[in-house]
Amino acid sequence: MSEMSFIVIASTLGAVIAIALGVMMPAIAMGKAISQALEALARQPEAEKTIMRTLFIGLAMIESLAIYVLVIVLIVLFRNPLLSLIQ
């Protein structure tokens, strides 16, 4: 196996692991945030606006983490900086 194909296989494997973790962890965090917000709404229904506003800001920040992971994985897959070192 050539050195270039080893780097391509290792980069692809790393990208698969990164996207799996990068989607799984924000999904768990979103589920926990939503469940805590629903619990807070059940305890204090009069604070609905504040809780929902904070929830949506938090969910947007959590979702941005998954988008950052996707961007990094696409860079590694399609514009791999390690391949230029070999050539």
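Residues numbered from 1 in each chain as written. Predicted model: local features only at pLDDT ≥ 70, side-chain atom pairs only at ≥ 80, totals over all residues. Heavy atoms only, no water.

A. Representation of helix 2 (residues 48-78). Between its first and last C-alpha atoms helix 2 spans 45 Å; for 31 residues at 1.5 Å apiece the expected length is 45 Å, and the two agree. Along helix 2, the residues classified as buried are Ile 51, Leu 55, Leu 59, Ile 62, Ala 66 and Val 73. (Helix = DSSP H or I, 4+ residues; strand = E, 2+ residues; numbered from the N terminus. Expected span 1.5 Å × (residues − 1). Buried < 20%, exposed > 50% of the residue type's maximum accessible area, 1.4 Å probe, protein only.)

B. A look at the packing of helix 1 (residues 3-43) against helix 2. Helix 2 packs onto helix 1 with a crossing angle of 175° between their chain directions and a minimal axis gap of 9 Å. Between helix 1 and helix 2, the interaxial angle falls into the category roughly antiparallel. Its residues assigned to classes, the contact of helix 1 with helix 2 comprises 23 nonpolar, three polar and two charged. (Axes fitted to C-alpha atoms, helices over the stretch in contact; angles between N-to-C directions. Parallel < 35°, antiparallel > 145°, perpendicular 65-115°, else oblique. Nonpolar A, V, L, I, M, F, W, Y, C, P; charged D, E, K, R; others polar.)

C. Region of interest: helix 1. Here helix 1 is 41 residues long and its end C-alpha atoms lie 60 Å apart, about the 60 Å a rise of 1.5 Å per residue gives. Those residues of helix 1 that sit buried are Ile 7, Ser 11, Ala 15, Gly 22, Pro 26, Ala 37 and Leu 41.

D. Region of the structure containing the pattern of salt bridges. Throughout the structure, instances matching the rule amount to one salt bridge. In this structure, Glu 39 and Arg 43 form a salt bridge, with 3.0 Å as the shortest nitrogen-oxygen distance. Pair noted here: Glu 39 and Arg 43 are both in helix 1, with a separation of four residues, about one helical turn. Owing to a relative accessible area of 59%, Arg 43 belongs among the exposed residues under this scheme. (Salt bridge = Lys/Arg side-chain N within 4 Å of Asp/Glu carboxyl O.)

E. Layout of the nonpolar core. Counting residues in hydrophobic clusters, the biggest one holds six residues: Ala 37, Leu 41, Ala 47, Ile 51, Leu 55 and Leu 59. Broken down by element, the residue count for this core peaks at three residues, all from helix 2. (Core = buried A, V, L, I, M, F, W, Y, C linked by side-chain atoms within 4.5 Å.)

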